[in-house]
Amino acid sequence: MREVVIAGIGQTRVGELWDISLRSLAYQAIKAARRDANGLMPDALYVGNYLAIVTSHQSNLGTLLADNAGLTGVEAFTCEAGQASGGAAFQMGFMAVASGYVDAALVVGVEKYTDAIGSEQEAALAISMDADYEAMVGLTLAGQAGLLMQRYLHQYGAPRSAFGAFPVLAHANAVNNPFAMYRRAIDQQTYEKAEPVADPLNLYDQASYADGAAAVLLTTPEKAQEAGIRHPLVRVRGSAGVIDTLALHDRPDPLAFDAARYAVQRACEMGGVLPGEVDLFEMDDAFSIYAVLGLEAAGFAERGEGWRLGQNGDLRLNGRLPILTMGGSKGRGNPLGAAGVYQIVEAAQQLRGEAGANQVTGARMALTLNLGGPASSAFAHVLEKR
Amino acid sequence: MEIPRHWRLKKQRYSLQGEICPHCEGKIFPPRDVCPHCGNDARTTFTFSGRGKVYSFTHVTEAPAGFEETAPYTVALVQLEEGPVVTAQLTDVEADEVEIGMPVEMVTRKIRSDGNERGIIIYGYKFRPVLDGAR
């Protein structure tokens, strides 16, 4: 396989962006990534999106978004894996360049969540669950997380308040991210007073769903050099996607997050690195319990011990394993099918030394983990400064 | 309204009809095309007793369309006595009385109403605490 580098990155602000359409939102990110890559022309566009078919009544986003961006004649289609669609689209772009199928691929993750309103939103989100046996009985995405959190508390005796460390950390890091939805810190007290959403899960255990778009332009180091790109390049060292059962009830051990475990293992094996060698971990914190289970699955904590990492500063920007460095989904906002591409963009900012006040000192290698549902699917990537 | 889907699922919804694997005798609910225990085709029907225990539960406050009238409600993972786990609402129980390990049994209840104006009501399984002296 050929070496693949990130030649350009772009992102929009995350939030309730009522005044901008799906196509224009995607275009803002595409435009920024192409400009960052010195105008390098892509041969293909791969789209990460989860809900447009319901919220915007729009399919065939590949054609719509490429057409709207003036990319006539390229190959373009959507990669869909629920909330892991962004990770899936990035992997597709990586494979296309690595294999020699194209010389430059553009990946855009886009979500226009606020095109639906009220209870339509929860119903739209439910399409990534098992429609016949989960959504049909009234389970929600937050409900899945609530079921896991309740079981975790029961099985391991973790203190309920320990989960607050994750939203508190995410909000603290989002303060310095100009693209973040919530640029304000919260404290443990605020966390503990929050309303329940899917008890024991509360409002601050859940990242707010939002609109947003992020894009990356992938190419070979030679093409990047020809294009005269001056900023540091980021190499994609490892890439892996793994599934578990779609429905939570079909798993012998629902707290194991096996898909996350194997995705991280395989991406690291491909890159010839150990998870412990990375300088930062952009992980999935759609719900605080998923951050805890993700840390355990990735091997950073023993089963039942992941919550402890939040208690001693290990996960902060200057800690042993910085996570959610630009605010994660909780602070930046959760743009669902775009979240996986935001993670890549944020990891690239760190590796390029462009993370501003949130710069992780000396960051050379990053791990990303994007989950669909409760790790029903998982995509992991290893990125390295070239 | 997805009439064919609701019609197709009636045996599962009304009588917890799943499968028993003819190769390894693993019991399966919901039905699957391939046995998760041995990997062979699973096609022999098996009706579950409807008795089980709460494996985990959550109280859903923010409900999707079709469930607004019922919210808040409790959804549980119920481990059936034959082994498989099923996702279902709990009923006939106060939220603060639910606990992990609690014995429950299946009952047929209204699950949700149709989102449109034809007024179709969908029935299916919920689980309630096992009543003392009921059997």
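The rules behind these values
Residues numbered from 1 in each chain as written. Chains lettered and ligands numbered in written order. Predicted model: local features only at pLDDT ≥ 70, side-chain atom pairs only at ≥ 80, totals over all residues. Heavy atoms only, no water. Helix = DSSP H or I, 4+ residues; strand = E, 2+ residues; numbered from the N terminus. Rg over C-alpha atoms; globule rule 2.2 N^0.38 Å. Buried < 20%, exposed > 50% of the residue type's maximum accessible area, 1.4 Å probe, protein only. Contact = heavy atoms within 4.5 Å. Areas by Shrake-Rupley, 256 points an atom, 1.4 Å probe, with all protein chains shown as cover. Lys, Arg positive; Asp, Glu negative; His and termini not counted. Charge placed at Lys NZ, Arg CZ, Asp CG, Glu CD. Domains from an automatic or database assignment. Polar contact = N/O pair within 3.5 Å; in protein donor to acceptor, adjacent residues only side chain to side chain. Nonpolar A, V, L, I, M, F, W, Y, C, P; charged D, E, K, R; others polar. Patch = residues over 30% accessible without salt bridge, like charges linked within 9 Å, V, L, I, M, F, W, Y side chains within 5 Å. Salt bridge = Lys/Arg side-chain N within 4 Å of Asp/Glu carboxyl O. UniProt positions renumbered as here; feature names shortened; annotations may be inferred. Expected span 1.5 Å × (residues − 1). Buried area = accessible area lost by both parts, 1.4 Å probe. Pairing = 2+ DSSP bridges. pLDDT = per-residue confidence, 0-100.

You'll find chain B entered in an unreviewed UniProt entry as Transcriptional regulator, with Bellilinea caldifistulae given as the organism.

In the annotation of an unreviewed UniProt entry, the entry for chain A reads Thiolase domain-containing protein, and the organism field reads Bellilinea caldifistulae.

Caption draft 1: How the structure looks around the overall build of chain A. Within chain A, the regular secondary structure consists of 13 helices and eleven strands. Relative to the compact-globule value of 21 Å for 386 residues, chain A shows a C-alpha radius of gyration of 19 Å, a close match. Oriented by its inertia axes, the alpha-carbon framework of chain A measures out at about 55 × 45 × 40 Å. The buried share of chain A, taken over its 386 residues, is 66%. A fraction of 78% describes how many contacts in chain A between residues 6 or more apart in sequence connect residues 24 or more apart. As displayed, chain A has an accessible area near 12,900 Å², and 47% of this comes from carbon and sulfur atoms. Distance between charge centres in chain A, computed from 29 positive and 41 negative side chains, equals 7 Å.

Caption draft 2: The arrangement of the domain arrangement of chain B in detail. All names here are of chain B. When cut into domains, chain B gives domain 1 (1-47) and domain 2 (49-130). Of note, the centres of domain 1 and domain 2, computed from C-alpha atoms alone, are 20 Å apart. Counting residues at the interface gives 13 residues for domain 1, matched by 18 residues for domain 2. Inspection of the domain 1/domain 2 interface yields one residue pair in polar contact (both at pLDDT 80 or more). Residue assignment for the side of domain 1 that touches domain 2 shows that the elements contributing at least two residues are helix H1 (3-8), helix H2 (10-15), strand E2 (27-28) and strand E3 (44-47). Its residues placed into classes, the side of domain 1 that touches domain 2 shows seven nonpolar, four polar and two charged.

Caption draft 3: Fine view of a nonpolar patch on the surface. Taken together, the side chains of Met1, Met95 and Met270 of chain A present a nonpolar region at the surface, about 330 Å² in accessible area. Its location among the elements puts Met95 of chain A in helix H4 (residues 85-98).

Caption draft 4: Broad picture of the UniProt feature "domain: ChsH2 C-terminal OB-fold" (unreviewed entry) in chain B. On the UniProt side, "domain: ChsH2 C-terminal OB-fold" (unreviewed entry) is annotated at positions that read residues 48-109 of chain B here. Each end of residues 48-109 of chain B is marked by a C-alpha atom, and these two atoms are 17 Å apart; helix forms 0% of the span and strand 48%.

Caption draft 5: Helix H6 (residues 141-156) of chain A, seen in detail. Residues and elements named next belong to chain A. With 16 residues, H6 ought to run about 22 Å at 1.5 Å a step, and its terminal C-alpha atoms sit 23 Å apart, in line with that. Along H6, 13 of the 16 residues are buried, which leaves the element largely enclosed by surrounding structure. One or two steps after H6, the chain reaches Gly157, where phi turns positive at roughly 65°.

Caption draft 6: Spotlight on the interface of chain B and chain A. The partner chain A presents 27 residues to the 35 residues of chain B that form the contact. Together, the buried faces of chain B and chain A total about 2,800 Å²; carbon and sulfur atoms form 59% of this surface. Together, Tyr55, Glu62 and Thr87 of chain B form the three largest contributors to the area buried by chain B at its contact with chain A, with a combined 19%. Remark: the boundary between chain B and chain A carries two salt bridges. Between Asp132 of chain A and Arg5 of chain B there is a salt bridge, with the nearest N and O atoms lying 2.9 Å from each other. At the junction of chain B and chain A, the tally comes to 13 residue pairs in polar contact (both at pLDDT 80 or more). For the side of chain B that touches chain A, the secondary structure elements donating two or more residues are H1, H2, strand E4 (51-60), strand E5 (73-80), strand E6 (85-89) and strand E7 (103-113) of chain B. The element best represented in the side of chain B that touches chain A is E4 of chain B, accounting for six residues. The class makeup of the residues in the side of chain B that touches chain A is 21 nonpolar, eight polar and six charged. Strand direction decides the pairing type here: strand E5 (residues 196-199) of chain A and E4 of chain B, joined by two bridges, are antiparallel.

Caption draft 7: Here's a closer look at the sheet that holds strand E1 (residues 17-20) of chain B. Residue and element names in this part refer to chain B. Taken together, the three strands give an open sheet; going across it, the order is E2-E1-E3, and neighbouring strands pair in antiparallel fashion. Here the strands that pair on one side only, and so sit at the sheet edges, are E2 and E3. Summarising the sheet, E1 and E2 pair through two bridges and their orientation is antiparallel. Looking at the pairing, Glu19 lines up with Ile28 of E2.

Caption draft 8: The confidence of the model for chain B, seen in detail. When the pLDDT values of chain B are averaged, the result is 91; 93% of them are 70 or greater. Here the prediction assigns the complex a pTM of 0.97, and the interface score ipTM is 0.95.

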